[in-house]
Each structure stands twice: as structure tokens, then as C-alpha cells.
Amino acid sequence: MNPQDRSFFRLQWAALLLIATGLLASRSIAQAPPHLLLSPADFTRLNELARTQPWAAKQRAAILKEADEFPDSYEKRFGLTSLELPPEGGQWAHDYVCPDTGTELKFHPPDEHVCTDTGRVMKGAPYDQIVYQDRAFALDEGALAAALAYRLTGDHAYAVKGAQILKLYADRYLTYPLHGIMGREQSPGFTLFGGRVFAQTLDEAEFLINICWTYDLLRDTDVFTPQERTHIERDLIYAAAMICDRSKGPTDNISSWTNGAVAAAGYVLDDKMLVDQAIDGPWGFRFQMKNYVQDGFWIEGALGYQYYALEPLEYTAMMAKRAGVDLWKQEPNLGALFESPLGLILPDGTTPGFNDARAERHVLDERAHLYEAAYSALGNKDFAAINFNAGRANRDAFLFGVASIDAGSLPKPKSAVFPDAGYATLRAPVGDLTEIMKFGPFGGSHGHFDKLTEIIFAKGVTMSVDPGTQRYGMPSHYTWDKVTVAHNTVSVDEAVQKPATGKLVAWQAEPEFAAVTADAGPVYDGVDLQRTSVLTSDYVLEITTAKSTDGKEHDFDWNYHNYGVQHADGTFAAYSGFPQKDGYQHLEQNQTAAISGDLHTEFVMDKDHEMNVWVLGGGVQSQVFTGLGLGPDLPVKIPYVIVRRHGVEARFVAVLEPGPAAAGIVSVTSAGGKIRIMSAKWEDTIEPGEKIAYHRVSLP
Ligand SMILES: [Zn+2]
């Protein structure tokens, strides 16, 4: 080697040394003990907790069981003979439905996807790839369970199991091509919102949070060589964070997930830029709390998405707190997101399926786990009651909850209005009659064109219903779930409402009744829509006005959907005149009648549940339509009634009485601006106006 070469070689060595020093410096965090969500001291505490609290012992045992069974559980579930990663990236779970019925398919290994309603067998793409998505989630969850089990027991074999998944994915991650949702190649952001292991940044983010946590729990052990640590940090965690962090959206809850994943990667890699981006970035955590929360409700207007967004938001707050930033305190809208659903909860614990949410979730049981860390952070007594009532039967209670909660009961829910979020919950002074009206912001891509819609709950069940949402792979999600005629509101000229934000006009919560008036906002050009609902313990009075503001005549349709079998007074004839679009194509067994007086119709659900509906004639001609539409459960058709009036304005005065009623309404009349409702036991007079006057006379 000549001297020139030697000096060049020395320079190279010097450079390599500098790089190595840099790597060592960065490895000081890589070999740090767990700190992302739980520390070694926490595991000591958790083991003690499990020794003293039976509910905690159960959760500890469940983690060990999951870890013990993994990866056999994975291989068995997916019909595999070895621990192999999915051969390709995943696909969109919303397409995993029986095309005929909308029911979720069932996987029969190795390659059949079976429709359990019809026996039809689906094969190939995208179904295989949707199973690959399930496999990836099963792998990251198994790895996390193993890592937690290692920390709880010190058993080295668990650490090896967890580490194996991280190593396999570090080798593989960058070889999975970036891809989006199959069949949506033309949609905006197809590639931007895609992933490698998954078809969406959303799922990639959910996966990455678990990967980061698993790595955090294991990295200071001997299951990794220094090279493996670098490989995992660079080629899996950082690489996946870059996938997640490419863009805002496409929906607001997805941004919460990608922020959560970028935060997890940032805290694990001690990368301040990633942490700043996730928390203080242009669409980061703080931006979301300031811009996406109204009256404590999530901007997308669907409680399902509110809770879904809360998972990563909560993780982010927990991780930040461990790093010395208390987002729980600094961003009070986070706590508000936990509180607000209590205002919409129906007496049986379900929440309405407004916008793209499923109806009928037993929300306080299913989401109780989220309230554990929230209670630890905020000490809200209602959260403690939710945790207590759920029996602390979830992993988060063990990992993130307080040691003990003595007892707790939720306060009796009251009528409440949320003007900015656009919900009014009217609750009966006596009994469980509840109506929730919706008039708020549209809700973006998860919104429904349903301003002024309502649902009514009584006698333990939901009666007047919103379709909620199917899986997004079902065409009727777009052609029915979202459209105006599918909701309990007014549509004009058989058209779908435009996206709009309505507003609260008046609100009254009195000892004997609750009342709300809301305006739909600009949902139709040249038409104003307003609705007043008055709820007593016995019925709902609903006054809906539609007015042309440009002098033009329109068809105004009052739409109503209720479970059960419908009977209407009058002579009806078959009808086939509905347009085959905008949701009307889904209406079937259609009948119509011209009615000049009042309409009385009933929806009989069973011997203990029915809804009696009166729509006053108001001295004008109505065309009434009845038949069946779709509902939350596609195979169960739901009867509808549409009352159509033509002109420059229409006023629908409806009384909805859940039954069988103790007194039973016998007549509804309107005179001199007052509405009189008579039963065998009482006579009510209601005078609508800026302030609603209500008066009841008991009959002898
Ligand atoms: Zn809806």
C-alpha cells in the first residue's frame, strides 16, 4: 500500500469511526429499558396487582395464554404449517363481504372465503389479500403478547418469540410493494394513502404502534444483535413511519392513527422530528384537538369513528406523558371526547348509528377499555363508573388502569343539546322514551345526507331507525345508507340533500318535556327546512316545515322508517313511480294512497313494542307511500312511510307514540296554532313558538 493509499485508508477509518460513534450514541436509546407505555417498575407493580386483585390476575393470565399459544394459534387459524409472513401486502377488510347479503365472509383455510348465508364460495383477490391483512395483525398482536409476557415473567422464551416477528418483518418490510385498495386505483390518493403490509396507511399505523411497543419491551435484552437492532429500527420502524407520515388523511380518524404511529416511532427511536410532527405538526395531535372536536364530539359525526380515533389519541397522550408532555391536561378536548358520548347513549347502552357508525353497539361495554387510561389520567368519576360496570374485564384495565375502583354509577342521563356538534337528546321525564335529532356538520366522507333526521328509542328498543352503515364494500352503503330517503327527515323533489351544517334555533328542557328546534342549513337550493321536536313521557310531537324561498313549487317528502310490520288506514294501490336512483331504487312493495285528511299508521314490532304515528292533514292533499326499505341489517327490511305534499311550502305535524301505551292516544288535532293530543287519561295542549307552551289536563 503506497503512502497516499494509506492516508486515504486512514481517512476512511476516521469516517467509519465517526459513523460508528454516532451509531453507538443513537444506540444508547435503542438499548434503553422499556419506556414507551410501561416501564420495568410498572411490571413489578402489575405482578403485585395480579397477586392481590382477581380481575387483574385474569388479565395477566390472558396475556400469558395468548403468548403461550402463539404462534401455533396463528398457524392453525390460517391453515399454515410454519410461521410464515403473508406473501403479499394486505387488502381492505370492507370488501370481505358476501356480495349477495353483505354478511362478513368466513375463511376456510387454505383458500376459500365462504358466504355463510348462501354457501357461495369466493376465491382469489381481493379475498386472499384480506386474509393476509388479518395475518399481519395476528402476527403483530402475537408478538406484543409475547413481549408483555416476557416482561411479566422474565421467561426468555417469550422474548425470543416476540423478537422473531420483528426480525422477520425487518427483513421483509421494504420488499412489500407500496399499494392501495384494490379496485380503487382511480380514486384520489390511491397510492398516497396506501401501505406496504396493508392497503391503507390506517392499518399500517395500527400495526406500527404494536411493532414499536413490542420493540420497546424487548430491545434491551439479548435477543437482538446490534445489527438486528439497527435493521429493525431503520428498515421496519422508521421505514413504516415514513409510510404513515406521508400525508394528512384521507379521513380525520386515519390521521389520528398515523399520528399515533409516527409518535410511537418517534419515542422509540428518540427522533424528535417524528415526535414533533405527530404532536405539533400541521395535522398533528394538537391540530386535531383544536379543529376536529366540537362540543366534545369528533368531527366525523359518527361515534364509531370517535372511539376509533380515541384509541391512537389515547396512546399518543400516554406516550407523551411518559416523555414529560401532559397532553391530557394541555388539550382538554381529549377528555371531552370521552365525556360527550354519554350525552348520546340510549337507555340500553347503545348509541345511535348516525353517519358511518353501526347502530346498536353496547358502547359502554365495548369501549370501556378506553376509559381505563382516561380515568387514570383525568380522575373523572363517570369514567370510573364505566370501568367499574365493565368489571375491568379488559387488558387496558390491567396495564393502564388504577389499582381499584370501589363502585360507581353513572348519573341519570338528562336531556341535552350539543349546538356545534348538532345533536339534541330529548329524554322522557318518566320512562325511557328518548329521541335524538341530528343537525350538525356534514361529517366529511363519513357523513350522511340526513339533516334533521332522528331516531326514537322506547320500551327498551330502538324503534325509529337510521340505517347506520354496511361495510364499505357493499354498494348499498353508498346508494342507501348515506342518502336522504333512508333517513327520518324531509327530502325535496326526490333528491339527496347537499352536505351542509344545520343550526340550533331553540332548546328547552322543562320538568314535563324537552323541545328542540333546528334548521337544516342549505341542504336544498331555494328551500328552508326546520324541525321542532317536543318530547313528553308519552310521545314525540314533531313539526317539520319546508318552505320554498324562490317561490317555486316542490314535492316535499316526510320520510319515516320504523322496525316492525306496518299497517296504514286507507286504500292503497301498488306504485311503481319512484326514480331508480338516489336511494328510491331500494324501496320495494311500494303502495300509495291519496289522503285528504289525517294519516294514521302503526308499526307493530311485537306484542310489547309498536309505534303509532299520526300525521295531520292540515287541510291539504297528501300522497302517502308505504313499503319496505333497507336497514342496519341488510336481510331485515324495514317498513317506511313517506308523506308527500306539493306546493311552495309544507308543514308536517306528526305525533309518534310508542306503544302499547298505558293511556293510548285517541286523537290529535290542530286548531288556532295549538296542537291538542288526547288520550283516555289526559289532554295535552302544545303551542309551538319561540318558547313552547305545554299544558296537561288530567281527565276524570
Ligand atoms: Zn345515517
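For the structure itself, consult the block above.
Residues numbered from 1 in each chain as written. Predicted model: local features only at pLDDT ≥ 70, side-chain atom pairs only at ≥ 80, totals over all residues.

(A) Looking closely at the environment of Val223. Relative to the elements of secondary structure, Val223 occurs in the loop between α7 (201-218) and α8 (226-244). Residue Val223 is classed as buried on the basis of its 20 C-beta neighbours within 10 Å. Distance in space between the C-alpha atoms of Val223 and Arg120 is 46 Å, their sequence separation being 103 residues. (Helix = DSSP H or I, 4+ residues; strand = E, 2+ residues; numbered from the N terminus. Buried ≥ 20, exposed ≤ 12 C-beta atoms within 10 Å, placed from the backbone.)

(B) Looking closely at the nonpolar core. If you look at the biggest cluster of nonpolar residues, it comprises 202 residues, and the most contacted ones within it are Leu166, Leu208, Cys212, Ile237, Ala261, Ala264 and Ala265. If near-sequence neighbours (up to four positions away) are discounted, Ala264 is found in contact with Leu36, Leu208, Ile209, Cys212, Trp213 and Met319. (Core = buried A, V, L, I, M, F, W, Y, C linked by C-beta atoms within 7 Å. Contact = placed C-beta atoms within 7 Å.)

(C) Expanded view of the environment of Leu192. Residue placement: Leu192 occurs in the loop between α6 (156-172) and α7. Linking Leu192 and Gly353, residues 161 residues apart in sequence, is a C-alpha distance of 30 Å. Once residues lying within four places of it in the same chain are set aside, the contact partners of Leu192 are Arg246 and Ser247.

(D) Expanded view of unusual backbone geometry. That bond from Gly249 to Pro250 is cis: its omega, 10 degrees, falls within 30 degrees of zero. Note that Pro250 resides in the loop between α8 and α9 (252-269). With an omega of 0 degrees, the peptide bond between Gly659 and Pro660 qualifies as cis. Within the fold, Pro660 resides in the loop between β26 (649-659) and β27 (665-671). Non-glycine residue Asp270 carries a positive phi angle of around 55 degrees. For Asp270, the position within the fold is in the loop between α9 and α10 (272-280). According to the C-beta neighbour criterion, Asp270 is partly exposed, with 15 such atoms within 10 Å. With a phi close to 55 degrees, Arg392 is a non-glycine residue in the positive phi region. Inspection of the secondary structure assignment puts Arg392 in the loop between α17 (381-389) and α18 (395-400).

(E) Spatial organisation of the sheet that holds strand β30 (residues 693-698). Spatial ordering of the open sheet is given by β27-β28-β29-β30, a layout of four strands whose pairing is antiparallel. A strand with exactly one partner marks an edge of an open sheet, and here the two such strands are β27 and β30. Strand-to-strand twist in this sheet, taken as the mean axis angle between neighbours without regard to direction, amounts to 15 degrees. (Pairing = 2+ DSSP bridges. Axes fitted to C-alpha atoms, helices over the stretch in contact; angles between N-to-C directions.)

(F) Broad picture of α9. In a regular helix each residue adds 1.5 Å, so 18 residues correspond to 26 Å; α9 covers 26 Å between its end C-alpha atoms and thus fits that length. α9 sits mainly inside the fold: 18 of its 18 residues count as buried. With its phi angle positive at about 55 degrees, Asp270 sits one or two positions after the end of α9. (Expected span 1.5 Å × (residues − 1).)

(G) Region of the structure containing the sheet that holds strand β3 (residues 121-122). Taken together, the three strands give an open sheet; going across it, the order is β1-β2-β3, and neighbouring strands pair in antiparallel fashion. Every other strand in the sheet has two partners, leaving β1 (106-108) and β3 as the edge strands with one partner each. When β1 meets strand β2 (residues 112-114), the two strands line up antiparallel, connected through three bridges. Across the sheet, the residue bridging to Phe107 is His113, located in β2.

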